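Here is what each chain is made of, one letter per residue.
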Amino acid sequence: MEYLSKAHQEATEAKMKTIQESKKSPKNWDQIERQIQEHFEDHGQINPNNKIN
């Protein structure tokens, strides 16, 4: 893969490493739902799919 810059290469490699790590780890759906809810709250939005009370 050809990179536009050293920063682009580092960011891409870091992202690929994160993806590989996430594929290895078991999925904890409660944790994922909490992260989604936090994201909506951080942006002052309401999560239409909120399952957390």
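Residues numbered from 1 in each chain as written. Predicted model: local features only at pLDDT ≥ 70, side-chain atom pairs only at ≥ 80, totals over all residues. Heavy atoms only, no water.

With respect to the overall build of the protein chain
Part 1: A count of helices and strands for the protein chain gives two helices and zero strands.
Part 2: Relative to a compact globule of 53 residues, whose C-alpha radius of gyration would be 10 Å, the protein chain shows 16 Å and is clearly more extended.
Part 3: Seen along its three principal axes, the alpha-carbon backbone of the protein chain occupies a region of about 45 × 30 × 10 Å.
Part 4: With an accessible surface of roughly 5100 Å², the protein chain has 52% of that area assigned to carbon and sulfur atoms. (Helix = DSSP H or I, 4+ residues; strand = E, 2+ residues; numbered from the N terminus. Rg over C-alpha atoms; globule rule 2.2 N^0.38 Å. Areas by Shrake-Rupley, 256 points an atom, 1.4 Å probe, with all protein chains shown as cover.)

Things to note about the environment of Ser 5
Part 1: You can see Ser 5 is positioned in the segment before helix 1 (6-24).
Part 2: As a C-alpha pair, Ser 5 and Gly 44 span 39 residues in sequence and 35 Å in three-dimensional space.
Part 3: A distance of 3.1 Å separates the side chain of Ser 5 from the backbone nitrogen of His 8, its partner in a polar contact. (Polar contact = N/O pair within 3.5 Å; in protein donor to acceptor, adjacent residues only side chain to side chain.)

Re helix 2 (residues 29-42)
Part 1: With 14 residues, helix 2 should cover 20 Å at 1.5 Å per step; its first-to-last C-alpha distance of 20 Å lies within 8% of that length.
Part 2: Capping the start of helix 2, Asn 28 holds a side-chain oxygen 3.2 Å from the backbone nitrogen of Asp 30, two or three residues further along. (Expected span 1.5 Å × (residues − 1).)

Let's talk about the side chain of Asn 47
Part 1: Tracing the chain through its elements places Asn 47 in the segment after helix 2.
Part 2: Of the polar contacts made by the side chain of Asn 47, one reaches the side chain of Gln 37; its length is 3.4 Å.
Part 3: In terms of polar contacts, Asn 47 uses its side chain to reach the backbone amide nitrogen of Asn 49, at 2.9 Å.
Part 4: When neighbours within four sequence positions are excluded, Asn 47 is seen to be in contact with Ile 36, Gln 37 and Phe 40. (Contact = heavy atoms within 4.5 Å.)

What about the side chain of Thr 12?
Part 1: Take Thr 12: it is sitting in helix 1.
Part 2: The buried category is assigned to Thr 12, whose relative accessible area is 18%.
Part 3: Dropping the residues within four chain positions of it, Thr 12 is found in contact with Met 1 and Tyr 3. (Buried < 20%, exposed > 50% of the residue type's maximum accessible area, 1.4 Å probe, protein only.)

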